[in-house]
Amino acid sequence: MLLRQSKEKILLGAATESEIKGVSRRNFLGYLGGASALLITAAACKKDDNNTNTGVDLGSGDVGILNYAYALEQLEAAFYTQVILTPYSGISAAESALLTDIRDHEIAHREFFKAALAASAIPALEVDFTSINFSSRDSVLATAKAFEDLGVTAYNGAGKLIVSADYLALAGKIVSVEARHAAYIRDIISNGSFADNTAVDPNGLDLSRTPAQVLAIADTYIKTAINASNLPTN
Amino acid sequence: MNLQNIITEIEKVDPEVYERLNGRRDAMKSFAKASGKVALAALPLAFGSMLQKAYGKGTGVTGLIDDTLNFALTLEYLEANFYIKGIASAGLIPTPAAVAALTTIRDHENAHVSFLRNVITTLGATPVTFAAADFDFTAGGTFADVFSNYDTFLAVAQTFEDTGVRAYKGQAGNLMTNNDILTAALNIHSVEARHASHIRQMRKARGVDVKPWITGNNSGIGSVVAASYAGEEVTTQAGVNIVNIGGFTISANAASEAFDEPLTKDQVTAIVTPFFA
């Protein structure tokens, strides 16, 4: 935010002559020096500064990462809300109960991000579930598995992009719940697949994905265009 | 996290950081500015070795990472040895499916031990080492039948996995200065949560009233493991009340399940100490 304001102030020439006159030459140069250092830092943060991007702007810095998480939680919550509204044929009582739990967890995550982001929150996204057959157990659970595994890799990949230790801790509180969901969904598809080699690498590590990789996969299910070009990349 | 941010943060507590790092402030700043061009994978190692030279081994940022990774390694040894012994205990595990699942988990814990040992060695530090004889999985008799009673075995497994998840979560902040190591730790953290989910399903199948996620501070085990679940019952996150948030019907149980909670290193140490002989 501050970086962008400084940048705009300089580029737009908002600093008027009268503002500059009161500043000694040495301080003025110092001001410029500081400003250019800020610009360099900002440029280093934003490798993929593509002005042609359109759609809902997730924003930059930690706010951008929180909006990114908010977007994914919107997708998951909308999916499980539909799963519970129109249960697949043959759903068991146990599956219904635990899928309702998962719906509630995802709604809690979504609403938490919305509350935490307040005025910085992106609007509600429009989802596209035309590729999912909600009456089919196979279709619903395959989608659930994809979403949960994707969520785990998304949070794992986003951790390093977060500056605030408090936000990192919050992401950590959520990602392990997504992993619990993922393992459960995998097990009711095929018992024992909770952490098989399609999810976990030979070192015993889950995978992680960049926001660009995650959003490319999620794109099938999100109608609203998302602009992630201002997210941090390291 | 941006390299310049890290150096700026260090500078707040140590104004001499640039001198320590390089002796020449300008040269260091050049490095920081050029960092966007350095291969990303090489950067954390390069930066780590600079800090190590600046502050010396065992102190400062690098020392914190070494200590944190050795703490994680200790927990992985605990888990790995537990599953090795359980799987080797004749008659303990009743079904082939259960043997397969526990073998998957054992293999992950062994892989975590190897992985963390390699990372710690790469950082120039010394990994801790534990052998089977270093552990007492009865915890001084508290779980006397751990390797002869399958339900006790699963109860201890659940406690280890849930505690492991909370332990990694509590340490993430200590690894923020190294993106590669932070990401690796997060990637282990979520695997432990997958394990916990499965062990809980195994217990559910045995008639224990637990779900794949942690409801309130209930363990389905009893007060003997209360410390591993203390604090999981919270329903407020960052000052936001999760119960019925946004006008949606979210019970206190769901609100607590939706967020796993961290444990501090001291809390985890107190929990696992009885399991060391």
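All of the points below concern the structure found in this document. Since the structure is predicted, the reported quantities are computational estimates derived from the model, not experimental observations.

What counts and how
- Residues numbered from 1 in each chain as written.
- Chains lettered and ligands numbered in written order.
- Predicted model: local features only at pLDDT ≥ 70, side-chain atom pairs only at ≥ 80, totals over all residues.
- Helix = DSSP H or I, 4+ residues; strand = E, 2+ residues; numbered from the N terminus.
- Buried ≥ 20, exposed ≤ 12 C-beta atoms within 10 Å, placed from the backbone.
- Contact = placed C-beta atoms within 7 Å.
- Expected span 1.5 Å × (residues − 1).
- Nonpolar A, V, L, I, M, F, W, Y, C, P; charged D, E, K, R; others polar.
- Axes fitted to C-alpha atoms, helices over the stretch in contact; angles between N-to-C directions.
- Parallel < 35°, antiparallel > 145°, perpendicular 65-115°, else oblique.
- Left-handed = near helix turned anticlockwise from the far one by under 90°.

A look at the overall build of chain A
Secondary structure assignment for chain A yields eight helices and two strands. Reading the secondary structure of chain A in the N-to-C direction produces α-α-α-β-α-α-α-α-α-β. Looking at chain A as a whole, 42% of its 234 residues qualify as buried. At a minimum sequence separation of 6, the contacts of chain A that also span at least 24 residues come to 78%.

A closer look at helix H6 (residues 137-158) of chain A
In this model, H6(A) (22 residues) spans 31 Å end to end at C-alpha, consistent with the 32 Å of a helix rising 1.5 Å per residue. Buried residues dominate H6(A), accounting for 16 of its 22 residues.

Quick notes on unusual backbone geometry
Despite not being glycine, A:Ala118 has its phi angle at roughly 50°, a positive value. With respect to the helices and strands, the residue A:Ala118 is situated in the loop between helix H5 (93-117) and H6. In this model, B:Asn244 sits at a positive phi of 55°, which is unusual for a non-glycine residue.

Quick notes on the interface of chain A and chain B
The extent of an interface is frequently quoted as the accessible surface area lost upon association of the parts. On the chain B side, the residues contacting the 49 residues of chain A number 56 residues. Secondary-structure elements contributing two or more residues to the side of chain A that touches chain B are helix H3 (25-45), H5, H6 and helix H7 (165-189) of chain A. A total of 16 residues in the side of chain A that touches chain B trace back to one element, the largest contributor, which is H7(A). Residues belonging to the side of chain A that touches chain B are distributed by class as follows: 27 nonpolar, 13 polar and nine charged.

Some words on the packing of helix H4 (residues 61-85) of chain A against H6(A)
Residue and element names in this part refer to chain A. One way to put it is that H4 packs onto H6 with a least axis distance of 11 Å and a crossing angle of 165°. One way to sum up the angle between H4 and H6 is to call them roughly antiparallel. As H4 runs across H6, the sense of the crossing is left-handed. When H4 is examined against H6, the residues Ile65, Tyr68, Ala69, Leu72, Leu75, Glu76, Phe79 and Val83 are found in contact with a partner set consisting of Val140, Thr143, Phe147, Gly151, Ala154 and Ala158. A breakdown of the residues in the contact of H4 with H6 according to their chemical character gives eleven nonpolar, two polar and one charged.

Some remarks on the packing of H7(A) against helix H8 (residues 179-205) of chain B
H8(B) packs onto H7(A) with a crossing angle of 45° between their chain directions and a minimal axis gap of 8 Å. The orientation of H7(A) with respect to H8(B), classified from their angle, is oblique. In this structure, H7(A) crosses over H8(B), and the sense of that crossing is right-handed. Residues A:Gly172, A:Val175, A:Ser176, A:Ala179, A:Arg180, A:Ala182, A:Ala183, A:Tyr184 and A:Asp187 of H7(A) lie in contact with H8(B), whose contacting residues are B:His189, B:Ser190, B:Ala193, B:Arg194, B:Ala196, B:Ser197, B:His198 and B:Gln201. Taken together, the residues of the contact of H7(A) with H8(B) break down into seven nonpolar, seven polar and three charged.

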